[in-house]
Amino acid sequence: MIACDCAVCLSSDPRDNRLRSSVMVESAGTRFVIDTTPDFRYQMLRLKIRHMDALLFTHPHKDHIAGLDDVRAFNFFSQKPMDVYANYLTEEALRRDFYYAFSDTKYPGVPELELHLIDKSPFMIGDITVIPIEVWHLRMPVMGFRIGDFTYITDANRIEDSEKEKIRGSSIIVLNALRKEKHISHFNLREAIDLVKELGVPKAYFTHISHQLGLHQEINAELPEGIELSYDGLTFSV
Ligand SMILES: [Zn+2]
Ligand SMILES: [Zn+2]
Ligand SMILES: [Zn+2]
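So, here is what we can say about the structure in this document. What you see is a predicted model; the values in this text were computed from it and never measured.

### Topic: the overall build of the protein
Line of reasoning, step 1. Looking only at helices and strands, one finds seven helices and twelve strands in the protein.
Line of reasoning, step 2. Its C-alpha atoms give the protein a radius of gyration of 18 Å, near enough to 18 Å, the size a compact globule of 238 residues would have.
Line of reasoning, step 3. Across its three principal directions, the C-alpha atoms of the protein cover 55 × 40 × 35 Å.
Line of reasoning, step 4. Approximately 12,100 Å² of the protein is accessible, and the part contributed by carbon and sulfur atoms is 51%.
Line of reasoning, step 5. Here the protein holds 27 positive side-chain charges and 35 negative ones, and the gap between their average locations is 1 Å.

### Some remarks on the sheet that holds strand β2 (residues 31-34)
Line of reasoning, step 1. One open sheet holds the five strands; their spatial order is β1-β2-β3-β4-β5, and the pairing between them is mixed. Looking along the sheet, the strands with just one partner apiece sit at the ends: β1 (23-26) and β5 (113-117). The average angle at which neighbouring strand axes cross in this sheet is 25 degrees, direction not considered.
Line of reasoning, step 2. Relative to β5, strand β4 (residues 82-86) runs parallel, the two being bridged by five bridges. Residue A86 lies in a different strand from β5, and its bridge partner there is L117.

### Notes on the side chain of K164
Line of reasoning, step 1. Turning to its location among the elements, K164 is positioned in helix α5 (residues 161-167).
Line of reasoning, step 2. Of the residues examined, K164 reaches a relative accessible area of 11% and is grouped as buried.
Line of reasoning, step 3. Within the local environment of K164, its side chain forms a polar contact with the side chain of E198, the two groups lying 3.0 Å apart.

### Considerations on the coordination of the zinc ion (ligand 3)
The reference angle at a metal is 109.5 degrees if four donors form a tetrahedron and 90 or 180 degrees if six donors form an octahedron.
Line of reasoning, step 1. Protein-derived ligands of the zinc ion (ligand 3) are D63 (OD), H64 (NE2), D155 (OD) and H208 (NE2), with the metal-ligand distances lying across 2.1 to 2.3 Å.
Line of reasoning, step 2. Coordination at the zinc ion (ligand 3) is irregular: its four donor atoms span angles of 91 to 160 degrees at the metal.
Line of reasoning, step 3. Between consecutive donor residues of the zinc ion (ligand 3), the sequence gaps follow D-H-x90-D-x52-H.
Line of reasoning, step 4. Here the zinc ion (ligand 2) and the zinc ion (ligand 3) are spaced 3.5 Å from one another, each receiving a donor from D155. Highlighted residues: D155 in the loop between β9 (150-153) and α5 and H208 in the loop between β11 (203-207) and α7 (216-222), separated in sequence by 53 residues. Considered together, D155 and H208 belong to a single accessibility category, that of buried residues.

Conventions and cut-offs
Residues numbered from 1 in each chain as written. Chains lettered and ligands numbered in written order. Predicted model: local features only at pLDDT ≥ 70, side-chain atom pairs only at ≥ 80, totals over all residues. Heavy atoms only, no water. Helix = DSSP H or I, 4+ residues; strand = E, 2+ residues; numbered from the N terminus. Rg over C-alpha atoms; globule rule 2.2 N^0.38 Å. Areas by Shrake-Rupley, 256 points an atom, 1.4 Å probe, with all protein chains shown as cover. Lys, Arg positive; Asp, Glu negative; His and termini not counted. Charge placed at Lys NZ, Arg CZ, Asp CG, Glu CD. Pairing = 2+ DSSP bridges. Axes fitted to C-alpha atoms, helices over the stretch in contact; angles between N-to-C directions. Buried < 20%, exposed > 50% of the residue type's maximum accessible area, 1.4 Å probe, protein only. Polar contact = N/O pair within 3.5 Å; in protein donor to acceptor, adjacent residues only side chain to side chain. Donors = N, O, S within 2.8 Å, 3.2 Å for Na, K, Ca; no water. Tetrahedral: all angles 85-135°; square planar, octahedral: opposite > 155°, others 65-115°.

Limitation: the analysis is restricted to geometry and does not speak to function.
Next up, the structure:
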C-alpha cells in the first residue's frame, strides 16, 4: 500500500510484495486473463506475454478493470480486436470508463475491443469451456469462473447454495480472503477457510489479500492442510 510502513509493506519476502489480483489461464491452444488490474501492463511485461486470445472480467471495480487500455499492444501485434467477456454491469462500466474505445470517430491507436456479453450460461473461449458462477460482493453480483476442475472466485463475501453446486468437484479453487477482521464485501480468512471445507475442494489458494492480513510466512503456517496463500507468480496445472 502506498505510504504504508507496516511489516508487510516493508517486508523483503517477495511473497509479501503483491500486485493487484488477476489470473492467466492457458490450455495447449488458448490463453486468457481474468481481470485487467491497474498492474496489467507490468504483469504482462514481467511474464513476457506476446499473445493474448481474450480477457474476462469478474466485476467493474477499478482494481479489476483499470489496466484495459494497455490491451493496445496486443491489438497492434495481432492486428485484430481483443475478445472481451463481461456481464452487463462490467460492460456498462467499460463503455463508460473507456468511452474513447467505443466512439464512432476513434482516434488512431485506441484499444480495439470485441465485447461479448455473458450471463450465467457456459461459454467457450477457443478450446476452453468456462462456466460462470455468480457470487455476491455485498450487493454487487460478481462473476466467478469454473474452468475444468479449477475455480476462480475473487471479490465475494457470499455465495448462494445453487452456485456452490457449480464449485463442488473442483480440484483447485482460488478464493478471496482479504484479512482476519470482518469485512463488508470480502470473505475474511476464517470465512474463506470455512467455505473451502464446506465445498470439499482439496486444494485452495487465497487471493486478493490485504496488507492487513499479515506476513505471508506467518499466516501461511497457520492455515489448515491443503490451503495456502497465493503469491505473485504462483503457477499450477489442473
Ligand atoms: Zn502496509
Ligand atoms: Zn471489488
Ligand atoms: Zn477487488
